[in-house]
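Listed here are the chains, written in short residue letters.
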Amino acid sequence: KDEMKKVQDELKTQKVLGENKKGTIKVLLNGEIECLGIQINPELLTDATKNEDNKKSLEKAIADTFNKAAAKAKTLASGKLSKISQGLDIPGLT
């Protein structure tokens, strides 16, 4: 249990970054998949106010970028937890 607590504490402090292909949207998460910040290029925000299609595109891009960061965080957590679980398959982490 002490090892598990140690890993959980480590995951809280470790950060992963997800960003879209153009680098105009960035999502920063910790290893527990808690959102620490989102950066969006101001031009995208301006474009999103012009019409509904731009707004929907931005919303989808933010969600996709968050999911990329979440996948990295899950991989990080899985790697750390597999060390203490000695390779046991923990549901939800693979």
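This text goes with the structure placed above it.
Residues numbered from 1 in each chain as written. Predicted model: local features only at pLDDT ≥ 70, side-chain atom pairs only at ≥ 80, totals over all residues. Heavy atoms only, no water.

Undergrad: What is the right way to look at the nonpolar core in this model?
TA: Looking at soluble globular proteins, one finds that nonpolar side chains tend to be buried together. Counting six residues, the largest nonpolar core consists of Val 16, Val 27, Leu 29, Ala 69, Ala 70 and Ala 73. For this core, the secondary structure elements donating two or more residues are β2 (25-30) and α3 (52-85). A total of three residues in this core trace back to one element, the largest contributor, which is α3. Not counting the four nearest positions on each side in its chain, Ala 70 is found in contact with Leu 29 and Ile 33. (Core = buried A, V, L, I, M, F, W, Y, C linked by side-chain atoms within 4.5 Å. Buried < 20%, exposed > 50% of the residue type's maximum accessible area, 1.4 Å probe, protein only. Helix = DSSP H or I, 4+ residues; strand = E, 2+ residues; numbered from the N terminus. Contact = heavy atoms within 4.5 Å.)

Undergrad: What should I look at first to understand the side chain of Asn 20 in this one?
TA: Looking at the secondary structure, you find Asn 20 in the loop between β1 (15-19) and β2. A polar atom in the side chain of Asn 20 sits 3.0 Å from the backbone nitrogen of Gly 23. Residues in contact with Asn 20, not counting those within four places in the same chain, are Ile 25, Thr 65 and Lys 68. (Polar contact = N/O pair within 3.5 Å; in protein donor to acceptor, adjacent residues only side chain to side chain.)

Undergrad: Honestly, the sheet that holds strand β3 (residues 35-40) in this entry has me stumped. Any pointers?
TA: Sheet strands line up and pair through hydrogen bonds in the backbone, either parallel or antiparallel. What the three strands build is an open sheet, ordered β1-β2-β3; its pairing is antiparallel. The open sheet has two edge strands with one neighbour each: β1 and β3. Between one strand and the next, the sheet's axes are offset by a mean angle of 15°, whatever the strand orientation. Strand direction decides the pairing type here: β1 and β2, joined by five bridges, are antiparallel. Residue pairing for β2: Glu 19 is matched across the bridge by Lys 26. (Pairing = 2+ DSSP bridges. Axes fitted to C-alpha atoms, helices over the stretch in contact; angles between N-to-C directions.)

Undergrad: Please explain the pattern of salt bridges as it appears in this structure.
TA: Side chains carrying opposite charge are able to pair once their charged atoms draw close together. Under the counting rule described, the total for this entry stands at five salt bridges. For Lys 80, the salt bridge identified is with Glu 10, shortest N-O distance 3.2 Å. Here the residue Lys 80 occupies a position in helix α3, and Glu 10 occupies one in helix α1 (residues 2-13), the gap between them amounting to 70 residues. Relative accessible area serves as the criterion here: at 27%, Glu 10 is assigned to the partly exposed category. In this structure, the salt-bridge partner of Glu 59 is Lys 55, at a minimum N-O distance of 2.8 Å. One end of the pair, Glu 59, and the other, Lys 55, are both in helix α3, four residues apart, so they sit about a helical turn from each other. (Salt bridge = Lys/Arg side-chain N within 4 Å of Asp/Glu carboxyl O.)

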